[in-house]
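Results of the structural survey
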Amino acid sequence: MLTLFHHPMFATCRFVRLAFGEYGEELALIEEKPWTRRKEFLALNPAGTLPILLAEGDVPIVGAMVIAEYLDETRGVLKRDKRLFAEDPMQRAEIRRLTDWYLAKAESEVTRHLVRERVLKPVMPETAGGGSPDSAAIRAARANIRQHMKYTNWLAGTRHWLAGNKVTYADLAAAATLSVLDYLGEIDWREHSAAREWYTRVKSRPSFRPLLSDRVRGLSPVSHYADLDF
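Attention here is on the structure that accompanies the text. (Residues numbered from 1 in each chain as written. Predicted model: local features only at pLDDT ≥ 70, side-chain atom pairs only at ≥ 80, totals over all residues. Heavy atoms only, no water.)

1. Details of empty space enclosed by the protein
Unoccupied space between atoms shows up once a probe the size of one water molecule is rolled over them. Put simply, the test is: Here a cavity denotes grid points, spaced 1 Å and computed from the protein atoms alone, that fit a 1.4 Å probe unable to get out, and a pocket denotes an open set having protein on both sides within 12 Å along at least 5 of 7 lines; residues with an atom within 4 Å of a point are the lining. Grid points are joined across faces, edges and corners, and a volume is the space filled by probe spheres set on the points. Helix numbers and strand numbers start at the N terminus; a helix is a DSSP run of H or I with at least 4 residues, a strand a run of E with at least 2. Following the grouping adopted for this structure description, the nonpolar residues are Ala, Val, Leu, Ile, Met, Phe, Trp, Tyr, Cys and Pro, the charged ones are Asp, Glu, Lys and Arg, and the polar ones are all others, Gly among them.
Inspection of every chain in the model, using the stated rule, returns one cavity of 30 Å³ or more. Quantified by volume, the largest cavity comes out at close to 40 Å³. Surrounding the largest cavity, Ala106, Val110, Thr111, Ile145, His148, Met149, Thr177, Leu178 and Leu181 form its lining. Only helix 4 (89-120), helix 5 (135-158) and helix 6 (169-183) provide two or more residues apiece to the lining of the largest cavity. Per-class residue counts for the lining of the largest cavity are six nonpolar, three polar and no charged.

2. A short note on the sheet that holds strand 4 (residues 60-62)
In sheet architecture, strand pairing relies on hydrogen bonds along the backbone and comes in two forms, parallel and antiparallel. So the rule is basically this: Strands are labelled as partners when DSSP assigns at least two bridges between them. Angular values range over 0 to 180 degrees, each being the angle between N-to-C directions of two axes fitted as lines to C-alpha atoms, with helices fitted over their stretch in contact. The contact criterion used is simple: two residues touch if any of their non-hydrogen atoms lie within 4.5 Å.
Pairing is mixed in the open sheet, where four strands are placed in the order 2-1-3-4. Two strands in the sheet have a free side with no partner beyond their single neighbour: strand 2 (27-31) and strand 4. Each strand of the sheet is rotated relative to its neighbour by a mean of 25 degrees, with strand direction disregarded. Here strand 3 (residues 52-54) runs beside strand 4; their pairing, made up of three bridges, is antiparallel. Within strand 4, the position partnered with Leu54 by the bridge is Pro60. On the sheet, helix 1 (residues 11-22) packs against strand 1 (2-6), strand 2 and strand 3 and is oriented at approximately 155 degrees with respect to strand 1.

3. Things to note about the pairing of strand 2
What counts, and what does not: Handedness rule for crossovers: strands pointing away from the viewer, path from the first strand over the helix to the second running clockwise, crossover right-handed.
Relative to strand 2, strand 1 runs parallel, the two sharing five bridges. For Thr3, the partnering residue across the bridge sits in strand 2 and is Ala28. Read from strand 1 through helix 1 to strand 2, the crossover connection turns out right-handed.

4. What to know about the layout of surface pockets
So the rule is basically this: These domain limits were set by an automatic method or by a database of domain assignments.
Volume-wise, the largest pocket comes out at about 400 Å³. Lining the largest pocket are 20 residues, with Phe10, Pro34, Glu107, Arg112 and Leu120 sitting closest to its centre. No other element matches helix 4, which puts seven residues into the lining of the largest pocket. Built from parts of two domains, the lining of the largest pocket gets at least three residues from each of domain 1 (1-80) and domain 2 (87-205). Approximately 300 Å³ is the volume found for the second largest pocket. Composition of the lining of the second largest pocket by domain shows at least three residues from each of domain 1 (1-80) and domain 2 (87-205).

Dropping the structure here:
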């Protein structure tokens, strides 16, 4: 069993967990608080970022998309129709584009700020940047949610899955990101029916079940978070 250093409210970490889950492979999870900057953790990744996968031979593989590429090369190519990438290079490019949209663009404009202000700062020491939430940062992130939900709704309304006719890394990246925002009660699903129907399908997949059990001390999820029919 491989080991994943992760944080349950980081979308990039959730993405990796979903990807391994789609291939039916369990991971040993170690929850890491990167702001503590443990020496052992920094020895694995001097940048001090998550996720980190300890692969065969305890070799650290750092970064969500790097791990996804490794997973495709070592498992995905053998999965045929269940592969999370596509054979066609143009389809692969679209999968990469959308994966980057959610794990980079949405992360930098929305998810990172809401997680930092609402989840991390209350438990971080002041010396590490903890303290009271920044209301201006929260307002800006919430304003940016609308753009990403509109785009997700358009994708879900015009395609069977976000990047085409089958589940790919694009769906997992989007679901990982939206699941964090959904946990925090930041999404009004009533305004995005196509996105809601797509998310319900992803949420009902076996790979998603462990995420529905995630809980953060002192911060309960929205009431419908674990409901498959919400």
